[in-house]
Amino acid sequence: MDTGDTAWVLASAALVLLMTPGLALFYGGMVRAKSVLNMMMMSFGALAVVGVLWVLWGYSIAFGDDLVGGLVGDPLQFAGLNGLIGVHDGTTPGHAAGEAEHLVGTVPAVVFAGFQGTFAMVTVALVSGAIADRARFGAWLVFAGLWMTLVYAPVAHWSFAFDGLVAEEGGWLAGLGVVDFAGGTVVEINSGAAGLALALVLGRRLGFGRDPMRPHNLPLVMLGAGLLWFGWFGFNAGSALGANGVAAVAWINTMVAGATAVFGWLLVERLRDGHATSLGAASGAVAGLVAVTPACSALNPVGAMVLGLVAGALCAAAIGLKHRFGYDDSLDVVGVHLVGGLWGTIAIGLLATADAPAGVDGLLFGGGFGQLGKQLLAAVAVLGYSFVVTLALGLLLEKTIGFRIHPDDELAGIDQVEHAETAYDLATTGAGARMPGSRPAGTTSPTRTPTHDTEVTP
Amino acid sequence: MRLVTAVVKPHKLDDVRNALEAYGVQGMTVSEASGYGRQRGHTEVYRGAEYTVDMVPKVRVEVLVEDLDAPDVVEVVVKSAQTGRIGDGKVWTVPVEDVVRVRTGEHGADAL
């Protein structure tokens, strides 16, 4: 066990956990004031559901012994993190008291499990952006648990469970030599494809394309984007699973790709719409971070700049797709995470350099088409699996317990219907709210009576 | 008595207030308002989706005055709020039947 590595992965896990509340702000600011609480609750709901189920069986599905063909791990092997919490008591030679008995690499297996759990949380939360304003909260929680179990954990097994990392035999994509350092397939393509499927199942918001649906609080969006970027250093550099040179390269690439992507997005906006917007800057940063997620260990910093610049421009262009095709991916999970994730995953086949820790050359560095082919295969496989299973899950929930809220409730605002709250009370009159039993009693003011009425009527 | 209501550009509020104080008006009620007349709003763009925002922010100033003062007060407001550009606003008056000062219960001109 390495204490430096362990300290870094523990800190990274906390950074990644903060990404989900950060996402809640990012998404929450983008919806209308009447549904901001529900938007944020979908992220907090993901924290709660996945935080439990990941420990109970999610981690084991992702990192347990492979059951069949690199597709899924044994859900019972580490159920409840069983057998992983042992600590040396100082009597074993070579092991200090307090050292974990079970390691993944140089860090305690439980630290690794916790770190991976925070990825599962934020990935589930990302999907919610596609179904803003219109999903029943209870159905969302059920979806979150099922989706983590049937989609996220298996796909994490495919890409993240390297042979010998935890189990002897791991996932099929990792075994093929696909480079996905921190989750271009597992997190980004996966959530983006699922978002598209759910947007299709739930249908468009009432008034989509006709009524204005302006973001109600852009400072919240920018704060959220800032917290996401901050947390992303744990996401990417933490995925080195050590405080080392690999983490360093991932860290610097995470910084520059986010930065150039801001430029890429704003450039497209300036040319297309005439202005560089704050929402564009926030979205651009996220698009670049999405794209560099799988690639941050495989590029040199200039390559990461190119990757980010293209990601920003590409995603800025892609957000128009929903209007062209008429699906209501409300907060652009497809435009940013699916498109950015596809670009980042595939671009490794073009821009990777063997100088970087991943040690592979892409097409532009003389590596031929080999890596590009593997990256394409991984992208298509995860896209297809996630879309199909999510579509089936969404339809099942819609037909059984019901996923979409009633149109009247949607018009009134989902916050007051699903959560019995309103986000903002800015009026000095308190919006006319009063406590039960506070109706006027024993007042000395004249009361309107029928007799009084007849007296004043001429 | 008359109620003078003025809807003016927000950045002219200080000028209107100073001019009314100089004229001798003792108080006023100010509220934020939005709307449009001949002046129309502006365009906003969010992730490429364009919105026209027609309602322009304004402030509404309300002053209760004696009948005799009303024409002067209107003129004071118009002069102080005028920029000569479209969107300067409107001023109008309506008759008021009675006014009561809540603290003392005084009625009519005494309550002004």
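Residues numbered from 1 in each chain as written. Chains lettered and ligands numbered in written order. Predicted model: local features only at pLDDT ≥ 70, side-chain atom pairs only at ≥ 80, totals over all residues. Heavy atoms only, no water.

## Considering the overall build of chain B
Here comes step 1: A count of helical and extended segments in chain B gives two helices and six strands.
Here comes step 2: Walking chain B from its N terminus toward its C terminus, one meets helices and strands in the order β-α-β-β-β-β-α-β.
Here comes step 3: In terms of overall size, chain B is more extended than a compact globule, its C-alpha atoms giving a radius of gyration of 17 Å where 112 residues would be expected to give roughly 13 Å.
Here comes step 4: C-alpha extents for chain B along the principal axes are approximately 60 × 30 × 20 Å.
Here comes step 5: Summarising the internal contacts of chain B: among those between residues at least 6 apart in sequence, 72% fall at separations of at least 24.
Here comes step 6: Total accessible area on chain B is roughly 7100 Å²; 48% of this is exposed by carbon and sulfur atoms.
Here comes step 7: Positive and negative side-chain charges of chain B, numbering 14 and 18 respectively, have mean locations separated by a distance of 8 Å. (Helix = DSSP H or I, 4+ residues; strand = E, 2+ residues; numbered from the N terminus. Rg over C-alpha atoms; globule rule 2.2 N^0.38 Å. Contact = heavy atoms within 4.5 Å. Areas by Shrake-Rupley, 256 points an atom, 1.4 Å probe, with all protein chains shown as cover. Lys, Arg positive; Asp, Glu negative; His and termini not counted. Charge placed at Lys NZ, Arg CZ, Asp CG, Glu CD.)

## Points about a negative patch on the surface
Residue and element names in this part refer to chain B.
Here comes step 1: On the surface, a cluster of negative charge is made up of Glu 66, Asp 67, Asp 69, Asp 72 and Asp 110.
Here comes step 2: Its location among the elements puts Asp 72 in helix α2 (residues 70–81).
Here comes step 3: Judged by relative accessible area, which is 36%, Asp 72 ranks as partly exposed. (Patch = residues over 30% accessible without salt bridge, like charges linked within 9 Å, V, L, I, M, F, W, Y side chains within 5 Å. Salt bridge = Lys/Arg side-chain N within 4 Å of Asp/Glu carboxyl O. Buried < 20%, exposed > 50% of the residue type's maximum accessible area, 1.4 Å probe, protein only.)

## Points about the interface of chain A and chain B
Here comes step 1: Between chain A and chain B, the contact holds 19 residues from the first and eight residues from the second.
Here comes step 2: Across the interface of chain A and chain B, roughly 1000 Å² is buried in total on both sides, 60% from carbon and sulfur atoms.
Here comes step 3: Looking at the side of chain A facing chain B, the largest losses of area belong to Arg 214, Asp 273 and Leu 279 of chain A, adding up to 41% of the total buried there.
Here comes step 4: At the boundary of chain A and chain B, one finds two salt bridges.
Here comes step 5: Residues Glu 44 of chain B and Arg 214 of chain A are paired through a salt bridge, measuring 3.0 Å at the closest nitrogen-oxygen approach.
Here comes step 6: On inspection of chain A and its partner chain B, the count reaches five residue pairs in polar contact (both at pLDDT 80 or more).
Here comes step 7: Elements with a contribution of two residues or more to the side of chain A that touches chain B: α1 (3–30), α8 (245–273) and α9 (278–295) of chain A.
Here comes step 8: Considering every element that reaches the side of chain A that touches chain B, the biggest residue donor is α8 of chain A, with four residues.
Here comes step 9: Within the side of chain A that touches chain B, the residues separate by chemical class into eleven nonpolar, three polar and five charged. (Buried area = accessible area lost by both parts, 1.4 Å probe. Polar contact = N/O pair within 3.5 Å; in protein donor to acceptor, adjacent residues only side chain to side chain. Nonpolar A, V, L, I, M, F, W, Y, C, P; charged D, E, K, R; others polar.)

## Some points on the packing of aromatic side chains
Aromatic ring pairs are reported here in terms of the distance separating the ring centres and the angle at which the planes meet.
Residues and elements named next belong to chain A.
Here comes step 1: Per the counting criterion, the structure on display carries 18 aromatic pairs over all chains.
Here comes step 2: Aromatic pair Phe 143 and Trp 147: ring centres 6.5 Å apart, planes at 25°, arrangement stacked. Separated by four residues within a single helix, Phe 143 and Trp 147 lie in helix α4 (residues 137–160), roughly one turn from each other.
Here comes step 3: Using a relative accessible area of 0% as the deciding quantity, one classes Trp 147 as buried.
Here comes step 4: Between Trp 158 and Tyr 385, the ring centres sit 5.0 Å apart and the planes meet at 55°, which makes this aromatic pair tilted. Note that Trp 158 is positioned in helix α4 and Tyr 385 in helix α13 (residues 370–400), a separation of 227 residues in sequence.
Here comes step 5: Its relative accessible area of 6% is what places Trp 158 among the buried residues.
Here comes step 6: On the basis of relative accessible area, Tyr 385 is assigned to the partly exposed category, the value being 26%.
Here comes step 7: Grouped by ring-pair contacts, the aromatic residues Trp 54, Tyr 59, Phe 63, Phe 78, Phe 112 and Tyr 152 constitute a single cluster. (Phe/Tyr/Trp six-rings, centres within 6.5 Å; stacked < 30°, edge-to-face > 60°.)

## Quick look at the UniProt feature "domain: Ammonium transporter AmtB-like" (unreviewed entry) in chain A
Here comes step 1: Residues annotated by UniProt as "domain: Ammonium transporter AmtB-like" (unreviewed entry) correspond here to residues 7–424 of chain A.
Here comes step 2: As annotated, residues 7–424 of chain A has a helix share of 65% and a strand share of 1%, and its two end C-alpha atoms lie 40 Å apart. (UniProt positions renumbered as here; feature names shortened; annotations may be inferred.)

## Describing helix α7 (residues 218–238) of chain A
Residues and elements named next belong to chain A.
Here comes step 1: An ideal rise of 1.5 Å per residue puts 30 Å on 21 residues; α7 measures up with 29 Å between its terminal C-alpha atoms.
Here comes step 2: In the structure, α7 departs most strongly from a straight axis at Gly 231, where the bend amounts to approximately 30°.
Here comes step 3: Of the residues flanking the start of α7, the one acting as N-cap is Asn 217, its side-chain oxygen 3.1 Å from the backbone nitrogen of Leu 220. (Expected span 1.5 Å × (residues − 1). Bend = angle between axes of the 7 residues up to and from the residue.)

## Quick word on the confidence of the model for chain B
Here comes step 1: Per-residue confidence for chain B gives a mean pLDDT of 94; residues scoring 70 or more make up 100%.
Here comes step 2: The ipTM assigned to the predicted complex is 0.81, against a pTM of 0.91. (pLDDT = per-residue confidence, 0-100.)

## A closer look at the sheet that holds strand β6 (residues 89–95) of chain B
All names here are of chain B.
Here comes step 1: Read across the sheet, four strands follow the order β2-β5-β1-β6 without closing on themselves; strand pairing throughout is antiparallel. The open sheet has two edge strands with one neighbour each: β2 (29–35) and β6. Going from strand to strand, the sheet's axes swing by 20° on average, the running direction of each strand aside.
Here comes step 2: Direction of pairing for strand β1 (residues 2–8) relative to strand β5 (residues 56–65): antiparallel, over a ladder of seven bridges. Looking at β5, one finds that Arg 2 is bridged to Val 65. (Pairing = 2+ DSSP bridges. Axes fitted to C-alpha atoms, helices over the stretch in contact; angles between N-to-C directions.)

## Some words on empty space enclosed by the protein
Residues and elements named next belong to chain A.
Here comes step 1: Going through the model one piece at a time under the given rule, you end up with three cavities of 30 Å³ or more.
Here comes step 2: Every residue lining the largest cavity is listed: Met 19, Leu 23, Val 122, Leu 126, Val 187, Glu 188, Leu 228, Trp 232, Phe 235, Val 286 and His 337.
Here comes step 3: Of the residues assigned to the lining of the largest cavity, the class counts are nine nonpolar, one polar and one charged. (1 Å grid on protein atoms, 1.4 Å probe; cavity = no way out; pocket = protein on both sides within 12 Å on 5 of 7 lines; lining within 4 Å. Points joined across faces, edges and corners; volume = space filled by probe spheres on them.)

## Details of the state of the cysteines
Residues and elements named next belong to chain A.
Here comes step 1: With the rule as written, the count across this model stands at zero disulfides over all chains.
Here comes step 2: Free cysteine: Cys 296, not disulfide-bonded; nearest cysteine sulfur from Cys 315 at 17 Å.
Here comes step 3: Assessed through its relative accessible area of 0%, Cys 296 is described here as buried. (Disulfide = S-S within 2.5 Å.)

## Things to note about the pairing of β5 of chain B
One face of the sheet, then the other: side chains in a regular strand alternate in exactly this way.
Here comes step 1: In the sheet, β2 of chain B pairs with β5 of chain B via seven bridges, with the strands oriented antiparallel. For Thr 29 of chain B, the partnering residue across the bridge sits in β5 of chain B and is Glu 62 of chain B.

## Section: the UniProt feature "modified residue: O-UMP-tyrosine" (unreviewed entry) in chain B
Here comes step 1: UniProt records the feature "modified residue: O-UMP-tyrosine" (unreviewed entry) for Tyr 51 of chain B in the present numbering.
Here comes step 2: Mapped onto the elements, Tyr 51 of chain B comes out in strand β4 (residues 49–53).
Here comes step 3: Its relative accessible area of 17% is what places Tyr 51 of chain B among the buried residues.
Here comes step 4: Not counting residues within four places of it along the chain, the set of residues in contact with Tyr 51 of chain B comprises Pro 212, Met 213 and Arg 214 of chain A together with His 42, Thr 43, Glu 44 and Tyr 46 of chain B.
Here comes step 5: Here the side chain of Tyr 51 of chain B touches Met 213 of chain A through a polar contact of 3.3 Å, landing on its backbone nitrogen.

## So, the environment of Tyr 59 of chain A
All names here are of chain A.
Here comes step 1: The topology assignment puts Tyr 59 in helix α2 (residues 36–63).
Here comes step 2: Look at Tyr 59 and you get buried, because its relative accessible area is 1%.
Here comes step 3: Residues Tyr 59 and His 157, spaced 98 residues apart in sequence, show a C-alpha to C-alpha distance of 9.2 Å.
Here comes step 4: Here Tyr 59 is in contact with Trp 54, Gly 64, Phe 78, Leu 81, Leu 84, Val 104, Ala 109, Phe 112, Ala 113 and Val 166, once residues within four sequence places are set aside.

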